[in-house]
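So the chains spell out like this:
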Amino acid sequence: MAIDGVKIIDSDSAHDIYNSIMEMYHYGKSIEDIRFQIDQLESDYSFNDLEIEIYTTSYALAMWEIGELTKEQLQKVRNLINKGVSPLWSKIGSQAQEKRKVELEKFLDKVTNPNPKVKKRKNYKLITDFIFEPNDVLIFKLDKKNYGAAILVNVYNDRGKGYYDFTEVILQTNEKPTLEMVKSSKVYARKNIGFDNPKTINHKDFLLFSDKFEKIGKVNIRKKDRQLGGISPKINFKDFCDDWNWDGGRMKKKTYFLSEFLE
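The numbers attached to residues start from 1 for each chain and follow its sequence in the written order. Totals for whole chains, interfaces and linings use all residues, but because this is a predicted model, local features are given only for residues with pLDDT of at least 70 and pairs of side-chain atoms are given and counted only at 80 or more. To obtain the side-chain values, all non-hydrogen atoms of the structure were used and water was disregarded.

Peer 1: Hey, could you run me through unusual backbone geometry in this one?
Peer 2: Across the chain, the bulk of peptide bonds are trans and the bulk of non-glycine residues have phi less than zero. At Asn123, a residue that is not glycine, the phi angle is positive and equals roughly 55°. The buried label applies to any residue whose accessible area, calculated with a 1.4 Å probe on protein chains only, is under 20% of its type's maximum; exposed applies above 50%, and partly exposed to all values in between. A relative accessible area of 58% means that Asn123 is categorised as exposed.

Below is the structure:
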């Protein structure tokens, strides 16, 4: 877990918890459903005092911001602060523990009172009509004679928009690729981190050129490997095809056989 500072939302775990609550809230989930989902995560953040502290405070902040912080949650925050800041903060920096204590005291003062500006729901529309599914293998024409192939790693909703995350298969051929050709090819990736050279397409944009893709089958990417090792800008079909499998001028990326990521 990366920790960037001592503020309430200053770590990967805090961002995950806070953003999960806000996503569900703006997509119209009931408060009961939100609580149930986040409560299920508590055991995942209970392996040390620092994680418990981050879970409790980021959960409380999000619920306070949407006007749903309960007396029970507020008491958990009080108990946590009365117990004292986790000594593990001292491993983050020489003054981190003391700074975190000040931050928590300010936080308690803040959430003890009702939020005067409760966040309103943004009523995001949930995209459900994705054209392809995760693990689909897609081929497409790069130009008049060459084909490329890609694997759809994830589809997801984010702030009212739908997205497709593809990983590039290192394959360029004038033969129409088969599923076996793709399975025996390599991908840019880092073990336990994810696929590099990702290509992300907005659902609305993808509707304009999805007919250029042909599904030739599926592969079963292991759940733990179904992630991206980099961030891709939202792109169109021309961007998708440009510089296919070209790594000149960029930091050399590791390659692995796709089979190493499959069940």
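Peer 1: Please explain the packing of helix H1 (residues 12-26) against helix H3 (residues 49-65) as it appears in this structure.
Peer 2: Angles run from 0 to 180 degrees between N-to-C directions of axes, and those axes are lines fitted to C-alpha atoms, restricted for helices to the stretch in contact. For the purposes of this entry, the term helix denotes a DSSP run of H or I that reaches at least four residues, the term strand denotes a run of E that reaches at least two, and both are numbered from the N terminus. Where H1 meets H3, the closest approach of the two axes is 9 Å, and the angle between their N-to-C directions is 30°. Classed by the angle they form, the pair H1 and H3 counts as roughly parallel. The two elements H1 and H3 cross, and the hand of that crossing is right-handed. Between H1, through Ser13, Ala14, Ile17, Tyr18, Ile21 and Met22, and H3, the contact on the second element is made entirely by Glu51, Ile54, Tyr55, Ser58, Tyr59, Leu61, Ala62, Met63 and Glu65. Relative orientations are named as follows: roughly parallel for angles under 35 degrees, roughly antiparallel for angles over 145 degrees, roughly perpendicular for angles from 65 to 115 degrees, and oblique for any other angle. If you view the pair so one helix is near and one far, a crossing is left-handed when the near helix is turned anticlockwise from the far one by less than a right angle, and right-handed when it is turned clockwise. Here a residue-residue contact requires only that any non-hydrogen atoms of the pair lie within 4.5 Å.

Peer 1: What is the right way to read the nonpolar core from this model?
Peer 2: Across soluble globular proteins, nonpolar side chains have a tendency to be buried as a group. We define the nonpolar core as a collection of buried residues of types Ala, Val, Leu, Ile, Met, Phe, Trp, Tyr and Cys that are connected through side-chain atoms lying within 4.5 Å of one another. Ranked by size, the top nonpolar core spans 36 residues in total, and within it Ile21, Ile34, Ile38 and Trp89 carry the most contacts. Listed by contribution, the elements that provide at least two residues to this core are H1, helix H2 (31-39), H3, helix H4 (71-83) and helix H5 (96-112). With nine residues, the top contributor of residues to this core is H3. Apart from the residues within four sequence positions on either side, Ile21 is in contact with Ile34, Ile38, Tyr59, Ala62, Met63 and Ile66. Formed by 19 residues, the second largest nonpolar core is a distinct cluster that contains Phe140, Ala150, Tyr164 and Phe209.

Peer 1: Sorry if this is basic, but what is going on with H5 here?
Peer 2: Each turn of an α-helix holds 3.6 residues, which means side chains three or four residues apart point in the same direction. For a helix, the expected span equals 1.5 Å multiplied by the residue count minus one. Here H5 contains 17 residues, and its C-alpha end-to-end distance of 24 Å stays within 8% of the 24 Å for a straight helix at 1.5 Å per residue. Of the positions making up H5, those classed as buried are Ala96, Arg100, Glu103, Leu104, Phe107, Leu108 and Val111. Each buried residue of H5 sits inside an arc of 140° when the element is viewed along its axis, so together they form one side. Away from its buried face, by an angle of more than 90 degrees, H5 presents the exposed residues Lys106 and Asp109. On its buried face, H5 sits against H3 and H4. Starting at the helix axis, one direction is taken to each C-beta atom, and the arc is that of these directions.

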